[in-house]
Structure formats: C-alpha cells, structure tokens
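Inside the fold
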Amino acid sequence: MIALKLGVTANDVKNVIIWGNHSSTQYPDVNHAKVKLQGKEVGVYEALKDDSWLKGEFVTTVQQRGAAVIKARKLSSAMSAAKAICDHVRDIWFGTPEGEFVSMGVISDGNSYGVPDDLLYSFPVVIKNKTWKFVEGLPINDFSREKMDLTAKELTEEKESAFEFLSSA
C-alpha cells in the first residue's frame, strides 16, 4: 500500500513493522519505515505527508486484509500464510540486510517495548547466523503504544482462554 501510494516498487520500502497478533488488532507501523524516492532514502511519514491516511485507512486496511482476501477469493487466505512462511524461512536462512529489519512473531520474553512476557507477538527483528534478535530502542509514540497494548491485551486473553480450555480437557 505504501509503495502504491508513492508510485515505487515494494522493494523500495523497508522497515515497516507489524506489531502484535495476526488478527484485526495487528498494528502496521511506518514510524521507522524508509522509502527510496528518486535515489534518496527518506522516512515514509516524510514522503507521504498524510497522517490521517497512515493512522486511518492504511491501518484498518492492513488489519482487515486477511478477511478481504477470503471475501474476494471465496477461499482461504492460506496462500498468503504460505508466502509469509517462505519469507520467514528466507530471512532466517539468509539473514536481514544491514540497516533493515523484518517483523516476525516471536516469544516476547525480554523485549524492551513493554509487551508482557510469554506471548507470541510480532516484533521488529534482525537476523544473523540464523538467530533473531529484537530491534531495540525504537521510540514509540502514544498512538503506537495504544495499538501495541491493544493487540497485547488480545493475545493475553487468547492465551488465558487456551489455558482454561486445556486445563478443563
């Protein structure tokens, strides 16, 4: 969506973060994203100059994309999941380029972003020698904090429901 809006290829956009759950509460964050425009790398916010679109339509469209794929195809979104798995395997195998990171659902233990431990939560990570590490120290604004907390709350509730189910089985 960012690439289309800016008239560039998807390869020209990097470091977009997906925080949290794989659900309608996931949060696509472009606060740290970069785009190559006319040979120069600039921040996505600076390039787009459209705060309302980035906090509105962009977020909701990404959050609802799985349901949109299912509705449009009248089929499962399994190919989207398969593509994501392939991308993750590629990233683990080859690592992330210097200065770039990817979003990956990993165990939240030890993160510096205030996400509770023991959740499988999507974070920005770098990968080297087939080992991932959290990207540390990214500033989080109030809008992002609210979205990140909402998706963490959902994951915590899902975890609690799963444990309740398992303990009663």
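This write-up is about the structure you can find in this document. (Residues numbered from 1 in each chain as written. Predicted model: local features only at pLDDT ≥ 70, side-chain atom pairs only at ≥ 80, totals over all residues. Heavy atoms only, no water.)

**Quick word on the overall build of the chain**
Applicable threshold: Runs of E in the DSSP output that reach at least two residues are strands. Runs of H or I that reach at least four are helices, and both are numbered from the N terminus. Using C-alpha atoms as the atom set, the radius of gyration is obtained and then compared with a globule rule of 2.2 Å times the number of residues to the power 0.38. By definition, residues are in contact when any of their heavy atoms lie within 4.5 Å. Charged residues are defined here as Lys and Arg on the positive side and Asp and Glu on the negative side; His and the ends of the chain fall outside this count. Charged groups are reduced to one reference atom each: NZ for lysine, CZ for arginine, CG for aspartic acid, CD for glutamic acid.
The helix and strand tally for the chain stands at seven helices and eight strands. By the compact-globule yardstick of 15 Å for 169 residues, the chain fits well, its C-alpha radius of gyration being 17 Å. Across its three principal axes, the chain shows a C-alpha extent of roughly 60 × 40 × 35 Å. In the chain, 54% of the contacts between residues at least 6 apart in sequence involve partners at least 24 apart. For the chain, the distance from the average site of its 20 positive side-chain charges to the average site of its 23 negative ones is 8 Å.

**Considering the sheet that holds strand β4 (residues 34-37)**
Filter applied, for reference: Two strands make a pair as long as DSSP finds a minimum of two bridges between them.
With antiparallel pairing, three strands are arranged side by side in an open sheet as β1-β4-β5. A single partner strand is all that each edge strand has here, and the edge strands are β1 (13-14) and β5 (40-43). Where β4 and β5 come together, four bridges link them in antiparallel fashion. Counted as the bridge partner of Lys 34 is Gly 43 from β5.

**Things to note about the side chain of Lys 14**
Position of Lys 14 relative to the elements: it lies in strand β1. Setting aside anything within four residues of it in sequence, one finds Lys 14 in contact with Ala 33, Lys 34, Glu 41, Gly 99 and Glu 100.

**Things to note about the sheet that holds strand β8 (residues 131-134)**
Note the threshold: Every axis in this analysis is a line fitted to C-alpha atoms, fitted for helices over the stretch in contact. Angles between the N-to-C directions lie between 0 and 180 degrees.
Spatially, three strands are ordered β6-β7-β8 in an open sheet, and the strand pairing comes out antiparallel. Among the strands making up the open sheet, the edge pair consists of β6 (102-107) and β8. Across the sheet, the mean angle separating the axes of adjacent strands is 60 degrees when strand polarity is ignored. Pairing of strand β7 (residues 120-128) with β8 involves four bridges; the strand directions are antiparallel. Following the sheet pairing, Lys 128 is matched in β8 by Thr 131.

**Here's the deal with the side chain of Ser 108**
Here is the rule: When accessible area is computed with a 1.4 Å probe and restricted to protein chains, residues below 20% of their type maximum are described as buried, those above 50% as exposed, and intermediate ones as partly exposed.
Looking at the element boundaries, Ser 108 is found in the loop between β6 and β7. For Ser 108, a relative accessible area of 0% puts it in the buried group. Setting aside its immediate chain neighbours within four residues, Ser 108 contacts Val 115, Pro 116, Asp 117, Asp 118, Leu 119, Tyr 121, Phe 123 and Phe 134.

**Quick look at empty space enclosed by the protein**
Unoccupied space between atoms shows up once a probe the size of one water molecule is rolled over them. This is how the line gets drawn: Note on definitions: the grid is 1 Å and covers protein atoms alone; a cavity is a set of points where a 1.4 Å probe fits but cannot get out; a pocket is an open set with protein on both sides within 12 Å along at least five of seven lines; lining residues have an atom within 4 Å of a point. Grid points are joined across faces, edges and corners, and a volume is the space filled by probe spheres set on the points. In this classification, Asp, Glu, Lys and Arg are treated as charged, Ala, Val, Leu, Ile, Met, Phe, Trp, Tyr, Cys and Pro as nonpolar, and every other residue, Gly included, as polar.
All chains considered together, the criterion is met by one cavity of 30 Å³ or more. Listed by contribution, the elements that provide at least two residues to the lining of the largest cavity are β3 (27-29), α3 (51-55) and α4 (57-63). In terms of residue count, β3 provides more of the lining of the largest cavity than any other element does, three residues in total. Per-class residue counts for the lining of the largest cavity are eight nonpolar, one polar and two charged.

**Overview of the nonpolar core**
One recurring pattern in soluble globular proteins: nonpolar side chains tend to sit buried together. Applicable threshold: To form a nonpolar core, buried Ala, Val, Leu, Ile, Met, Phe, Trp, Tyr and Cys residues must be joined to one another through side-chain atoms within 4.5 Å.
If you look at the biggest cluster of nonpolar residues, it comprises 37 residues, and the most contacted ones within it are Ile 2, Trp 19, Val 35, Phe 58, Tyr 121 and Phe 123. For this core, the elements supplying multiple residues, two or more each, are α1 (2-6), β2 (17-19), α2 (44-48), α3, α4, β6, β7 and α7 (142-168). Looking at this core, the element that brings in the most residues is β7, giving four residues. Contact partners of Trp 19, with chain neighbours within four places excluded, come to Gln 26, Tyr 27, Asp 29, Tyr 113, Tyr 121, Ser 122, Phe 123, Pro 124, Ile 140, Met 148 and Thr 151.

Keep in mind these values describe shape, not function.
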